[in-house]
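Structure assessment
Next come the chains, spelled out residue by residue.
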Amino acid sequence: MTGMDRVTALFFQRDPVTCARELIGASFHWQGCVGRIVETEAYAAVGDPACHTWNRPGARRFVENHHPGDAYVYLNYGVHWLFNVLVKGDDGSGFVLLRALAPESGLERMRERKPGIKDHLLGAGPGKLTRAFGIDGSAHGMSFLEAPDCGISLGRSVKTVAGGRIGISRAAEIPWRFGDPSSTSLSRKF
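This write-up is about the structure you can find in this document. (Residues numbered from 1 in each chain as written. Predicted model: local features only at pLDDT ≥ 70, side-chain atom pairs only at ≥ 80, totals over all residues. Heavy atoms only, no water.)

1. Some thoughts on the side chain of D70
- The residue D70 is located in the loop between α2 (57-65) and β3 (71-76) in this model.
- K88 provides the closest opposite charge to the buried, salt-bridge-free D70, at an N-O distance of 7.9 Å.
- Engagement of the side chain of D70 in a polar contact is seen with the side chain of S143, the distance being 2.9 Å. (Helix = DSSP H or I, 4+ residues; strand = E, 2+ residues; numbered from the N terminus. Buried < 20%, exposed > 50% of the residue type's maximum accessible area, 1.4 Å probe, protein only. Lys, Arg positive; Asp, Glu negative; His and termini not counted. Salt bridge = Lys/Arg side-chain N within 4 Å of Asp/Glu carboxyl O. Polar contact = N/O pair within 3.5 Å; in protein donor to acceptor, adjacent residues only side chain to side chain.)

2. Thoughts on the environment of A59
- Looking at the element boundaries, A59 is found in helix α2.
- Exposure remark for A59: the relative accessible area of 2% places this residue in the buried category.
- Each C-alpha atom of the pair A59 and I24 lies 25 Å from the other, and the pair is 35 residues apart in sequence.
- Not counting the four nearest positions on each side in its chain, A59 is found in contact with H52, T53, Y72 and F95. (Contact = heavy atoms within 4.5 Å.)

3. Overview of the pattern of salt bridges
- Applying the stated criterion across every chain, the model contains 8 salt bridges.
- Note that D180 is salt-bridged to R36, the shortest N-O span being 3.1 Å. Of this pair, D180 sits in the segment after β8 (177-179) while R36 sits in strand β2 (residues 33-44), placing them 144 residues apart in sequence.
- Note on R36: relative accessible area 15%, which makes it buried.
- The partner of R111 in a salt bridge is D119, with the nearest N and O atoms 2.6 Å apart.
- The exposure class assigned to R111 is partly exposed, which follows from its relative accessible area of 29%.
- A single network of salt bridges, built from pairs that share partners, joins E39, E41, R99 and R177.

4. Remarks on α2
- Where α2 is concerned, the buried positions are A59, F62 and V63. The buried residues of α2 occupy one face: seen down the axis, they fall within an arc of 95°. In α2, the exposed positions angled more than 90 degrees off the buried face are occupied by E64 and N65.
- Buried residues in α2 make contact with β3, β4 (80-87) and β5 (94-105). (Arc of directions from axis to C-beta.)

5. Overview of the side chain of R36
- In terms of polar contacts, R36 uses its side chain to reach the side chain of D180, at 3.1 Å.
- Contacts of R36, omitting those with residues within four sequence positions, involve G25, A26, S27, A100, L101, A102, E104, R156 and D180.

6. Quick look at the environment of R188
- Within the secondary structure, R188 sits in the segment after β8.
- The spacing of R188 and G125 is 63 residues in sequence and 8.1 Å in space, taken between C-alpha atoms.
- In contact with R188, other than residues within four places in its own chain, are E39, I166 and R177.

7. Looking at the packing of aromatic side chains
- Following the criterion strictly, the structure yields 12 aromatic pairs and no others.
- With a centroid separation of 5.7 Å and an interplanar angle of 50°, the aromatic rings of F28 and F133 are classed as tilted. Here F28, found in strand β1 (residues 27-30), pairs with F133, found in helix α4 (residues 126-133); they are 105 residues apart in sequence, far enough to count as distant. An identical accessibility class is assigned to F28 and F133; each is buried.
- Each ring, one from W30 and one from F83, has its centre 5.6 Å from the other, and the planes form 75°; the classification is edge-to-face. Of this pair, W30 sits in strand β1 while F83 sits in strand β4, and the two are 53 residues apart along the sequence. Per residue, the accessibility class of W30 equals that of F83, and both read buried. (Phe/Tyr/Trp six-rings, centres within 6.5 Å; stacked < 30°, edge-to-face > 60°.)

If you want it as structure tokens, here you go:
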């Protein structure tokens, strides 16, 4: 992955909400697979009871010891790996969860990992996208933005919508879920 449109760690030195909103329309590259980011969620490291930092000392240490743009990957309910990007800056720290991707290339690999799924649904959810892209816990802590075969590139500007976060029990009403309302690859409609 090369090019001037490549996102660097500087992008993630702002607040999580801004980063989550501005990632909609960008392309996520991972070892031969590419998907357009169509849905994200923001989590604040301080004051957000839905963020792992609220009750997990390991997550707080991660924020302290890692760099903006590093991958925060965890196993959700012992079933699905979820891919987050660390946001760390003067305006606040936290995470951006990649909730859904619209596949762009590497479809054969994705289909092998998730057989029988329609192409537009391969990345339609945070657990689905990690499986389709072959992401697991080995990516945790990775400075993937600098890797030759991984990263994020800026895309076209997309009209985004916001809504409450989903899949959580606390602070779900906070409208920090962002997405492209025209996408058929969302995890859930807005």
